[in-house]
Amino acid sequence: MKQILNVALAERSYPIHIGTGLLNETELLLKYLKQKHVAIVTNTTVAPLYLEKISKPLRDAGVQVVEIILPDGEQHKNSETLNTIYDALISARCERNTTLIALGGGVIGDLTGYAAATYLRGVPFIQIPTTLLSQVDSSVGGKTGINHPQGKNMIGAFYQPKLVLIDIDTLHTLPQRELSAGIAEVIKYGLIRDAVFFDWLESNMPKLMALDSAVISEAVYRSCQNKADVVAADEREAGERALLNLGHTFGHAIENAMGYGVWLHGEAVAAGTIMAAELSLRMGWLQTKDMQRIKAIFESSKLPQTPPALGVEKYLELMGLDKKVQDGKIRLILQKGIGSAVITSQYDAEALQLTLAAYH
């Protein structure tokens, strides 16, 4: 079974194909190639699993394929790795109509997308996300970029793909920890804008964790549908799209402080979401019973609920590097209930201090 969603962005609109066996649909890829020349960017973990599955049929169809295999891990999402992509593209004489294909998780998608946005001032690219986190979040919406030693995703561009191809089958090779990390972003959609989806997740979490095909397909579809709706309304994060960063201001601070890759992105977001919920509770915006539901769903998906003890000053220092900072004021996404979130700088500073100080 295959489902198709559309990200409605006028001339930058593109489809998201979700289903099983989609890596075999070479004709779908060929349809989106401006010329018979592609560069597939992947990493050392994904390449042995899926690179030949994509590249061989393309070559058989007469497409010239450049393979770029990068080291795996968030710690490699930097300018040095980006230059590795540029070097390969220039060496292979890739032109403005050469399509870049991102085959992998969020790091590969972000790196490839940013390379596509900047190589020859912009070349087409296609997302083939192979992790749950990248399928439900980073592959959709056109956020691309790299990390800087001082902050996560500080350098990047909004640059939309031509196609997102989500093959649910790739999740069967995903380690349990990576699966849980992806579920953190799935839960996020329920918390910020879709209470019915949150209820559904509570009921179906055991099947989701067991990779039940029908349940995982539904979770990916509904997550992408929520993301597509938000992106269509606010492509460049001027307003509503910032809600997608629930837990991320705290979470990015955790990733930075612990060292990129020590905590997976989804793990840090889960802990950050707990912190945002606790601050909301302290301010009287969130009810205790909702806080208990939030903690319970993260526990059932084997995600961390206790953030690391960085100290109040370190948290505030790193949170101050967040891209949502405006006029020097940290803006946070906080909960007004399950399915309702707000982005605000009008939070209680003392309550924030108490929330940060709770972990020691």
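Residues numbered from 1 in each chain as written. Predicted model: local features only at pLDDT ≥ 70, side-chain atom pairs only at ≥ 80, totals over all residues. Heavy atoms only, no water.

A. A look at the packing of aromatic side chains. One pass over the structure, following the stated rule, counts two aromatic pairs. A centroid spacing of 6.1 Å and a plane angle of 15° characterise the contact between Phe125 and Tyr159, whose relative ring orientation is stacked. With Phe125 in strand β6 (residues 125-129) and Tyr159 in the loop between β8 (151-158) and β9 (163-167), this pair connects stretches of sequence that are 34 residues apart. On the basis of relative accessible area, Phe125 is assigned to the buried category, the value being 1%. Accessibility expressed as a relative area gives 23% for Tyr159, which makes it partly exposed. Taking 5.8 Å as the distance between ring centres and 25° as the angle between the ring planes, the aromatic pair formed by Phe197 and Trp200 counts as stacked. Here Trp200 and Phe197 lie together in helix α7 (residues 195-209), a separation of three residues that amounts to about one turn. An identical accessibility class is assigned to Phe197 and Trp200; each is buried. Its end group placed over the ring of Tyr189, Lys188 keeps NZ or CZ at 4.9 Å from the ring centre. In this arrangement the basic side chain of Arg222 is found over the ring face of Trp200, its NZ or CZ atom lying 5.5 Å from the centre. (Phe/Tyr/Trp six-rings, centres within 6.5 Å; stacked < 30°, edge-to-face > 60°. Helix = DSSP H or I, 4+ residues; strand = E, 2+ residues; numbered from the N terminus. Buried < 20%, exposed > 50% of the residue type's maximum accessible area, 1.4 Å probe, protein only. Lys NZ or Arg CZ within 6 Å of the ring centre and 35° of its normal.)

B. Highlighting the sheet that holds β9. Strand order across the open sheet formed by seven strands is β1-β2-β9-β6-β5-β3-β4, with mixed pairing between neighbours. Each edge of the open sheet carries a strand with a single partner, namely β1 (2-7) and β4 (64-70). The mean angle between the axes of side-by-side strands here comes to 15°, regardless of whether they run parallel or antiparallel. Packing of helix α4 (residues 106-118) onto the sheet brings it into contact with β3 (37-43), β4, β5 (99-104) and β6, and relative to β5 it is tilted by some 170°. Where helix α8 (residues 213-233) meets the sheet, it contacts β1, β2 (14-19) and β9, and its direction lies at approximately 10° from that of β1. (Pairing = 2+ DSSP bridges. Axes fitted to C-alpha atoms, helices over the stretch in contact; angles between N-to-C directions. Contact = heavy atoms within 4.5 Å.)

C. Up close: the environment of Met154. Positionally, Met154 belongs in strand β8. Since its relative accessible area comes to 38%, Met154 is described here as partly exposed. Distance in space between the C-alpha atoms of Met154 and Val46 is 26 Å, their sequence separation being 108 residues. Beyond its immediate sequence surroundings of up to four residues, Met154 is in contact with Ile146, His148, Leu321 and Lys323.

D. Quick look at the pattern of salt bridges. Applying the stated criterion across every chain yields a total of 20 salt bridges. In this structure, Lys152 engages Glu74 in a salt bridge whose closest nitrogen and oxygen atoms are separated by 2.6 Å. With Lys152 in strand β8 and Glu74 in the loop between β4 and α3 (79-91), this residue pair connects regions lying 78 residues apart in the sequence. Note on Lys152: relative accessible area 6%, which makes it buried. For Lys152, the salt bridge is made with Glu255, and the minimal N-O distance between the two is 3.3 Å. Of this pair, Lys152 sits in strand β8 while Glu255 is found in helix α9 (residues 248-258), placing the two residues 103 residues apart along the sequence. On the accessibility criterion, Glu255 (0% relative accessible area) is buried. Because the salt bridges share partners, they merge into one network encompassing Asp137, Glu185, Lys188 and Lys227. (Salt bridge = Lys/Arg side-chain N within 4 Å of Asp/Glu carboxyl O.)

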